[in-house]
Structure formats: C-alpha cells, structure tokens
Amino acid sequence: MKRQIFSVLLLLTFLFSLTGCGTNDPEIDYGQVENWAYLETTHQQPADVFFICPTVYAGAADSFNMSMDDEETKSNFLGATNMEKGIYDEDCRFFAPYYRQAGLNVYELPEEKREPYLVLAYQDVKAAFSYYMDHYNDGRPIVLAGFSQGADLSIRLLKDCFADEEVRNLLVACYAIGWRITEEELADNPHLRVASGEDDTGVIISFNSEAEDITDSLLIPAGTKTLSINPLNWKTDSTPAGKELNQGACFTQYSGDIETEIPHLTGAYIDPDRGALKVTDVTPEEYPPQLSIFESGVYHLYDYQFFYRNLQENVGVRVDSYLTQHGL
C-alpha cells in the first residue's frame, strides 16, 4: 500500500511539474472581455452557442499550451473560429472563449502523455462556461459546439457540467465534430445521448470524415468504434447518402467569408466497423490532410467544410425543435 501511495505521489508531482499544467496555473478571468473571441450579449437570436475553437497553436520544444499573451496565435484562433461561425449565426448568439489550448505537438505524444495539457485547456473552457452560465445564459437554450480539440473538450464539458439536470434541460444539441465518442463513454455517463435523427434534442452530433480505405487514425485508432451520424441523411446506420443530398460544401476564410461553395461535392456513409464517416466522390489528392499528424485520406480538416450547408440547416432544425418542445 505504501508503495502504491508513493507511486501516485510521484505521478502527481510529475504532472504538476510539466510546463503549462497543474492546478497551480492561475485561472483566466472571464469577466474580462479580452479573454473572449466572441461575447455576443446583445444579439436577439433565440438560442446561444458556446463554441470551443479547434487547435491552432503549433507548440514548441518547451511549450505545449497556448499562452493567453500570444497575440499571433490568438489571431489565428479568431480566424479558425470565424471559419465555422456562420453555421450557427442565424439561430444563436455566439460565445467563444480564448483558452490555453493544447498545441499540435501534444498530439505527437503518446496518448497517455497528452492528458495534462488537455486538462489545462479544459480548466479554462470549464471556467469560461461557468462564467457564461452565471452571467449571460439566463435560462436560454444552449448549443454546445466544437471542432477537433474543441469537440473533445465539448464532450468533457457535457460529461461534467451537463450531468446537472437543470443545465442538461437547456441543451439543444452538442456538435462535437472531429472527435470520437464511444459506447463505453455513454455507459460511464448515462446522461449522454447521441443523435438518432435530424431533429432530436439534448444529443451529441459527431462524425469523423475519411477515405474509404482508412483503417486507423489519430482520431479513430484501429480497433476503436466511434458513434456517428451522417450529416447528409441524418442516419446512424450505413445507409449511403448520395452527393445529391449535399446542399453545399463551403470553404471559408479566416474572415468567415465563403471563398468557394460547391453543391453536391460528396456523398457519405458510416463504416459499420469503425463508425467513421466514409466520404465518397473526392480523393485524398484533391483534399490532402495538410498536417503531419494525419495521414493521407484522413479528411479531418474538411469535416465541417464538406457538409457546411447541411450543418447550418440542421442547427436551425434542432433549435426550432427545442423551442417547440419547450413551448418557447
């Protein structure tokens, strides 16, 4: 027993000694406007979206979490947020905190060594969400949304804060795109539910896009099955959706402007073994991964761009469904 306690203490000492980790890190004051990329408190949309930005910080040899003083990275953070903001704008006030996100270099580490850096990132996201709930929510419907690391952190937020029934009853949906969610996680967190159609509420919408021949990735390791929904036909089985159902792939700029829109670009179906969203009608050569942590054929960076208009429409459908269910 003494040896076990000593081992635990050694592990904790190691974790807290890592750069940018540990409970000794000061909390971010989300009462300061400059710590928010977006704080749309005066807009009139019927719901709110709490959005968690994807990874834009590259990291360095001695740095694994973004600094809140890194203005260059914060500019990229704002740009990456703008690229997705238009999906939610019509139906939601937009709230997006800056946070000390884990760098891309964290994802080059073995999975068991990534957690301390993600814990720090989640510490900020939770603090921002708590501030939002205390000062801005006022019982309004919530769309929780995140892409990539942001999707991971949104699922953590669901497990943690939405275990409270009062908070959970405000949830329109969680768009956790570009990260996995498994049956084991649902079993461990009975208040979590994945979407089963186009208009159910209080649910998780998740998928990971890849070419048909991919069998292993950072996002869905071989032997893992994630739970997904197809954003073209809103089915959770392997029913193929033809490209005619794709209302528009939109490739956006850091300003949020749509640079190129291509209706009917891709079809898609869910792989019955991996749960991945297999994307048809495009090739890895046309849409390369652009980041070294992903192999060719992993369409991670295009998850929301390939299905932009379908996702945009679906946010409105689910918000309307929530308002109708709650007599609002």
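Use the structure listed above.
Note that the coordinates shown come from a computational prediction; the quantities given were computed from them, not determined experimentally. (Residues numbered from 1 in each chain as written. Predicted model: local features only at pLDDT ≥ 70, side-chain atom pairs only at ≥ 80, totals over all residues. Heavy atoms only, no water.)

(A) Expanded view of the environment of L277. Within the element layout of this structure, L277 appears in strand β11 (residues 277-280). Under the relative-accessibility criterion, L277 is labelled buried at 0%. Each C-alpha atom, one on L277 and one on Q44, is 35 Å from the other, the two residues being 233 residues apart in sequence. When neighbours within four sequence positions are excluded, L277 is seen to be in contact with F207, N208, S209, E210, N230, P231, A268, Y269, I270 and F307. (Helix = DSSP H or I, 4+ residues; strand = E, 2+ residues; numbered from the N terminus. Buried < 20%, exposed > 50% of the residue type's maximum accessible area, 1.4 Å probe, protein only. Contact = heavy atoms within 4.5 Å.)

(B) Representation of helix α8 (residues 308-325) in the model. Its 18 residues place the ends of α8 26 Å apart at the C-alpha level, agreeing with the 26 Å of an ideal helix rising 1.5 Å per residue. Residues Y308, N310, L311, N314, V315, G316, R318, V319, S321, Y322 and L323 constitute the buried set of α8. At the exit of α8 stands G327, carrying a positive phi of roughly 65°. (Expected span 1.5 Å × (residues − 1).)

(C) Spotlight on the sheet that holds strand β1 (residues 36-39). Ordered in space as β1-β3-β2-β4-β5-β6, the 6 strands form an open sheet in which the pairing is mixed. The sheet is open, and its two edges are formed by β1 and β6 (203-205), each paired on a single side. Between one strand axis and the next, the sheet turns by 20° as a mean value, whatever way the strands run. Relative to strand β4 (residues 142-147), strand β2 (residues 47-52) is paired through 5 bridges, and the arrangement is parallel. (Pairing = 2+ DSSP bridges. Axes fitted to C-alpha atoms, helices over the stretch in contact; angles between N-to-C directions.)

(D) Representation of the side chain of N82 within the structure. Looking at where N82 falls in the secondary structure, it is placed in helix α2 (residues 71-85). Contacts of N82, omitting those with residues within four sequence positions, involve Y38, Y254, S255 and G256.

(E) Region of the structure containing the pairing of strand β3 (residues 92-97). Of all 6 residues in β3, 6 are buried, a share of seventy percent or more. Every second residue of β3 is oriented toward a common face, with C92, F94 and A96 on one face and R93, F95 and P97 on the other, all of them buried. Pairing analysis gives 3 bridges linking β1 to β3, with the strands arranged antiparallel. Paired with L39 across the strands is F95, a residue of β3. In this structure, β2 lies alongside β3, joined through 4 bridges in parallel fashion. Paired with V49 across the two strands is F94, which belongs to β3.

(F) Local environment of the nonpolar core. F50, Y88, Y175 and F306 are the most contacted members of the largest nonpolar core, which has 102 residues in total. In terms of residues, this core owes the most to one element, helix α3 (residues 111-137), which gives 8 residues. (Core = buried A, V, L, I, M, F, W, Y, C linked by side-chain atoms within 4.5 Å.)

(G) Structural detail: the packing of aromatic side chains. Tallying each qualifying case throughout the model produces 28 aromatic pairs. Centroid distance Y30 to W36: 5.6 Å. Interplanar angle 75°. Geometry classified as edge-to-face. The exposure class assigned to W36 is buried, which follows from its relative accessible area of 5%. Considering the side-chain rings of Y88 and Y175, the 6.1 Å spacing of their centres and the 75° angle between planes classify their relative orientation as edge-to-face. Placement of the pair is Y88 in the loop between α2 and β3 and Y175 in strand β5 (residues 171-177), with a sequence separation of 87 residues. We note that Y88, like Y175, is buried. A network of ring pairs unites the aromatic residues Y30, W36, F50, F95, F129, Y131, Y132, Y136 and F162 as a single cluster. Geometry around Y38 places K85 over its ring, the cationic atom sitting 4.7 Å from the centre. Its guanidinium or amino end placed over the ring of W234, R318 lies 5.4 Å from that ring's centre, counting from NZ or CZ. (Phe/Tyr/Trp six-rings, centres within 6.5 Å; stacked < 30°, edge-to-face > 60°. Lys NZ or Arg CZ within 6 Å of the ring centre and 35° of its normal.)

(H) Local environment of the layout of surface pockets. Taken as a whole, the largest pocket holds about 480 Å³ of empty space. Along the walls of the largest pocket sit 25 residues, with P54, T55, F147, L291 and L301 positioned nearest its centre. By residue number, the principal contributor to the lining of the largest pocket is α2, which donates 3 residues. For the lining of the largest pocket, the residue count by class is 18 nonpolar, 6 polar and 1 charged. One number sums up the size of the second largest pocket: a volume of about 230 Å³. Taken together, 14 residues form the lining of the second largest pocket, with E111, E115, D152, R156 and W179 sitting closest to its centre. Of all the elements in the fold, those that place two or more residues in the lining of the second largest pocket are α3 and α4 (149-160). Of the residues belonging to the lining of the second largest pocket, the class tally is 4 nonpolar, 1 polar and 9 charged. (1 Å grid on protein atoms, 1.4 Å probe; cavity = no way out; pocket = protein on both sides within 12 Å on 5 of 7 lines; lining within 4 Å. Points joined across faces, edges and corners; volume = space filled by probe spheres on them. Nonpolar A, V, L, I, M, F, W, Y, C, P; charged D, E, K, R; others polar.)

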